[in-house]
Protein chains: 4
Amino acid sequence: MSTTRAPDPARRNPQVTAAILEAALAMAREDGLARVSIEGIAARAGVGKRTIYRWWPSKGAVVLDAWAQRLEERLHRRLEATQTDDFEADLKLMVKDAWIDTIGDTRGVLASIVAEAQHDPDLAAEFRKRLISPASALVAERIRRAQADGQVAADIDPYRAIELIYAQLYYRLLIVPGPHDEAYVNDVADLAMRGLRP
Amino acid sequence: MSTTRAPDPARRNPQVTAAILEAALAMAREDGLARVSIEGIAARAGVGKRTIYRWWPSKGAVVLDAWAQRLEERLHRRLEATQTDDFEADLKLMVKDAWIDTIGDTRGVLASIVAEAQHDPDLAAEFRKRLISPASALVAERIRRAQADGQVAADIDPYRAIELIYAQLYYRLLIVPGPHDEAYVNDVADLAMRGLRP
Amino acid sequence: MSTTRAPDPARRNPQVTAAILEAALAMAREDGLARVSIEGIAARAGVGKRTIYRWWPSKGAVVLDAWAQRLEERLHRRLEATQTDDFEADLKLMVKDAWIDTIGDTRGVLASIVAEAQHDPDLAAEFRKRLISPASALVAERIRRAQADGQVAADIDPYRAIELIYAQLYYRLLIVPGPHDEAYVNDVADLAMRGLRP
Amino acid sequence: MSTTRAPDPARRNPQVTAAILEAALAMAREDGLARVSIEGIAARAGVGKRTIYRWWPSKGAVVLDAWAQRLEERLHRRLEATQTDDFEADLKLMVKDAWIDTIGDTRGVLASIVAEAQHDPDLAAEFRKRLISPASALVAERIRRAQADGQVAADIDPYRAIELIYAQLYYRLLIVPGPHDEAYVNDVADLAMRGLRP
DNA sequence: GCATAAACGAGACGGTACGTCGGGTCTTTTC
DNA sequence: GAAAAGACCCGACGTACCGTCTCGTTTATGC
């Protein structure tokens, strides 16, 4: 007989959830996830610590939840529109949309989450599930169409192609400093395209 | 008038330094940098905490120091030999040497350091200074020669070329799971070469 | 806005309080207050340091609390009985009761507390409030009755009389060595009485 | 063969000694002995810690040395003069001389030393040897003469008489607050004399 | 409709680690 | 060989959060 019963999501108070997510994201943006504490979130959201632990396993999970939710809202609004027959143009648009318009100034939060995920396998899994996988699937789909069109070499694994593109962005985010402006993301796509063409 | 005077490096005890670095690296390899604590290092090295704080600003700095020192020793022994006239072969050798033979099973430590560096600008700077910059300079040099030979397109910035290559490795290290074996690094180089050729 | 809020005494765990006081007093008796540390008390009581700091400002305060509590329990049981019409006999009984039966072998703790109080004004105030004042008030009352009876000279301030008596005991406790047996406390009262008689 | 040889007092540098004692006393007067540290004394005196440990066993010993030295100088100049045939007058003069003119505003240092002595038996012994014993011997001598003269009851132990007097002063110093002015020391002597007269 | 079980705010609690201070020992260099 | 300087091991300081655990209070079904 377990003492700690699983909580009932039906009885969850949505206002409380919102307050926690808002506080967590705000604090992560201000100070970086490393300086965020569950205690701090609880205080700022006017909430008991218990309530946070009831619904999330760690501060990283809270911030990821808040951050991903915000992204998903934005992405749903965009990703239908961008479909022409020019793969390179579509690619540049997709990358710009994602990296600049959607992530934008929450890039630091993304970096924090990746950092935290290095020692938190659950968070890493959740991060890939919420963010990397859906985005990759979407882009992979477009790449496959480009391969059918003959705009991308047929012998390339779409997922490796994605790595070739996005890895550059993450490298600049996590390893070396540098601007993340439109010129840069265009350059990223250009350089990748050199290798992807048939 | 500052209370904490700068310590005198001349009076530093090299045995103590070695013990600290060894303990720090061992613990980082076993549990990951996030679980390492200054207190733990001190205990394992049989050293006072004060002694660590005297010479390093943070646990990340200690582990980076230990880890980079180990790498530098290895690299010095290698990087002279590997110079043929075939850039692609050289590139594959360099990447394999660095990522598999040298970093090898300390890949997790590298990931930890990058993670820590996300909220520690000093550590980030030191990491780039000790690791990224020297390695990049070396590879950039080889790329320039390849451009002169006509094996690499002349209009590519060597540093962007490096990003195209290494970013893939860091992406798999930090973002998505996957093997880091010889087949993979070859594939990384192959994919990059597609874009680099004239 | 203060970060550290005042704790709520209603939520205090009495078992924890008891464990801390017991550990503190035991350690003070064994090694003297100077060798007691908050850390040591916490370890022995199986308690977090924070819990001690939440309720007491210093190790001296903990030990005083434990020691005074023990004394108060004993004193309440005694001080009603001792009331005859012979002031000198009553005085001797009171002094013996307090110094030998009640304080007894915790004399070293008392000395430690007085020592600590020399550089801790809050502790000094608490010590006087918990110990010196109530005991003095009680004896002063008896002296006033003796003055009304003509057993003590009317022109003497009762509190100065108390000093004349008790100062001798503290002098031997703190300044010069010597036994604290019944013969001695009788002698103390005798010598004082010489000066107090009309 | 002992590694730590006993130091040679003949080679001791008197300027260094003076600097240490001066610094120690100054710091003890400013902040109380409890806040004095060997490290602090060393820094203020411009001296290595080793040098202090070479000649004194503890910070208490240093401060006692400095303080007692200062007192001895003063006492030697005074105590010859004060000899009339009126014991009570002599007593008042002696007490006032010692407590007000000699100790005066270093009363806090005295309290600190007594406090420290509670957990440092060596310091306690040294304190009694340097201060209590010589002063007591002197006063005891005068009391014996007064007993011969019939000014003090012959059946009183001179040392107990001394306790009766001085204990009051230490009680006010260590236990209860209150002025230490001339009126008070006179009152102390008056009250004691009531009990000492034949 | 009303009891009753859960979510919730609050925060006490046992812990771990933080970064700092000083104690006392030791070594190196200077005089 | 005394002394200045300070590195070193160690123990304790007082603080910040961790994650668990009561407490009452509020709320919102389910009998």
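Residues numbered from 1 in each chain as written. Chains lettered and ligands numbered in written order. Predicted model: local features only at pLDDT ≥ 70, side-chain atom pairs only at ≥ 80, totals over all residues. Heavy atoms only, no water.

(A) Representation of the overall build of chain A within the structure. The helix and strand inventory of chain A stands at nine helices and zero strands. Overall size of chain A, expressed as C-alpha extent along the three principal axes, is 60 × 40 × 30 Å. Evaluated residue by residue, chain A yields a buried proportion of 51% over its 198 residues. In chain A, once contacts between residues fewer than 6 apart in sequence are set aside, the share between residues at least 24 apart is 67%. Summed over all atoms, the accessible surface of chain A reaches about 9,700 Å², with 51% contributed by carbon and sulfur. Chain A carries 27 positive and 29 negative side-chain charges, and their two centres are separated by 6 Å. (Helix = DSSP H or I, 4+ residues; strand = E, 2+ residues; numbered from the N terminus. Buried < 20%, exposed > 50% of the residue type's maximum accessible area, 1.4 Å probe, protein only. Contact = heavy atoms within 4.5 Å. Areas by Shrake-Rupley, 256 points an atom, 1.4 Å probe, with all protein chains shown as cover. Lys, Arg positive; Asp, Glu negative; His and termini not counted. Charge placed at Lys NZ, Arg CZ, Asp CG, Glu CD.)

(B) Region of interest: the relation of the copies chain A and chain B. In the superposition of chain A on chain B (RMSD 0.1 Å, axial shift 0.1 Å), the rotation amounts to 180 degrees. On the angle and the small slide along the axis, the relation comes out as a two-fold axis. Here 100% of the interface residues in chain A have copies in chain B that are interface residues too; the copies meet face to matching face. (Least-squares fit on C-alpha atoms with pLDDT ≥ 70 in both.)

(C) The arrangement of the interface of chain A and chain B in detail. Listed per partner, the contact involves 32 residues of chain A and 32 residues of chain B. Counting across the interface, chain A meets chain B through four salt bridges. Those elements giving two or more residues to the side of chain A that touches chain B turn out to be α6 (107-117), α7 (121-149), α8 (158-174) and α9 (182-196) of chain A. Among the elements that take part in the side of chain A that touches chain B, α8 of chain A stands out by supplying 11 residues, more than any other. Residue composition of the side of chain A that touches chain B, grouped by class: 21 nonpolar, four polar and seven charged. (Salt bridge = Lys/Arg side-chain N within 4 Å of Asp/Glu carboxyl O. Nonpolar A, V, L, I, M, F, W, Y, C, P; charged D, E, K, R; others polar.)

(D) Summary view of the protein's contact with DNA strand F. Taken together, 40 residues form the shell around DNA strand F, and within it K49 of chain A, W55 of chain B, K49 and Y53 of chain C together with N13 of chain D come nearest. When the atoms of DNA strand F within 4 Å of the protein are sorted by group, sugar and phosphate make up 61%. Here a base oxygen of DNA strand F sits 2.6 Å away from a polar atom, N or O, in the side chain of K49 of chain A. One of the backbone nitrogen or oxygen atoms of G48 of chain D is found 3.5 Å away from a phosphate oxygen of DNA strand F. Secondary structure elements with two or more residues in the surface near DNA strand F: α2 (38-45) and α3 (49-55) of chain A, α3 (49-55) of chain B, α2 (38-45) and α3 (49-55) of chain C together with α3 (49-55) of chain D. With five residues, the single largest contributor to the surface near DNA strand F is α3 of chain B. Among the residues making up the surface near DNA strand F, the classes are represented as 11 nonpolar, 10 polar and 19 charged. (Near = heavy atom within 4 Å. Polar contact = N/O pair within 3.5 Å; in protein donor to acceptor, adjacent residues only side chain to side chain.)

(E) Highlighting the packing of α6 of chain A against α7 of chain A. Residues and elements named next belong to chain A. In the contact formed by α6 and α7, the axes pass within 7 Å of each other and the chain directions differ by 135 degrees. The angle between the axes of α6 and α7 places the two elements in the oblique class. Residues L110, I113, V114, E116 and A117 of α6 pack against P121, L123, A124 and F127 of α7. Grouping the constituent residues of the contact of α6 with α7 by class yields eight nonpolar, no polar and one charged. (Axes fitted to C-alpha atoms, helices over the stretch in contact; angles between N-to-C directions. Parallel < 35°, antiparallel > 145°, perpendicular 65-115°, else oblique.)

(F) Local environment of the environment of L93 of chain C. Along the chain, L93 of chain C turns up in helix α5 (residues 87-103). The spatial distance from the C-alpha of L93 of chain C to the C-alpha of V62 of chain C is 30 Å, given a sequence separation of 31 residues.

(G) Region of the structure containing the packing of aromatic side chains. Applying the stated criterion across every chain yields a total of eight aromatic pairs over all chains. A cation sits over an aromatic face here: R172 of chain A above Y184 of chain A, 3.6 Å from the ring centre. (Phe/Tyr/Trp six-rings, centres within 6.5 Å; stacked < 30°, edge-to-face > 60°. Lys NZ or Arg CZ within 6 Å of the ring centre and 35° of its normal.)

(H) Highlighting the pattern of salt bridges. All names here are of chain B. This model, assessed by the stated rule, comprises 64 salt bridges over all chains. With a shortest N-O distance of 3.4 Å, E141 and R144 are connected by a salt bridge. Pair noted here: E141 and R144 are both in helix α7 (residues 121-149), with a separation of three residues, about one helical turn. For R144, a relative accessible area of 39% puts it in the partly exposed group.

(I) The arrangement of the protein's contact with DNA strand E in detail. Every one of the 40 residues lining DNA strand E counts as a neighbour, but D8 of chain A, Y53 of chain B, W55 of chain C together with K49 and R50 of chain D are closest to it. Restricting the count to atoms of DNA strand E within 4 Å of the protein gives a sugar and phosphate share of 61%. In the environment of DNA strand E, a phosphate oxygen lies 2.5 Å from a nitrogen or oxygen atom belonging to the side chain of Y53 of chain B. Contacts to DNA strand E include T51 of chain C, whose side-chain N or O atom sits 3.0 Å from a phosphate oxygen. Contributing elements (two or more residues each) for the surface near DNA strand E: α3 of chain A, α2 (38-45) and α3 of chain B, α3 of chain C together with α2 (38-45) and α3 of chain D. The element contributing the most residues to the surface near DNA strand E is α3 of chain C, with five residues.

(J) The arrangement of the UniProt feature "domain: HTH tetR-type" (unreviewed entry) in chain A in detail. Summarizing the sequence annotation, UniProt attributes the feature "domain: HTH tetR-type" (unreviewed entry) to residues 14-74 of chain A in the numbering used throughout. The span residues 14-74 of chain A is 80% helix and 0% strand, and its two end C-alpha atoms sit 21 Å from each other. (UniProt positions renumbered as here; feature names shortened; annotations may be inferred.)

(K) How the structure looks around the UniProt feature "DNA-binding region" (unreviewed entry) in chain A. Within this structure's numbering, the places UniProt gives as "DNA-binding region" (unreviewed entry) are residues 37-56 of chain A. Regarding residues 37-56 of chain A, the helix share stands at 75% and the strand share at 0%, and the terminal C-alpha atoms are separated by 13 Å.

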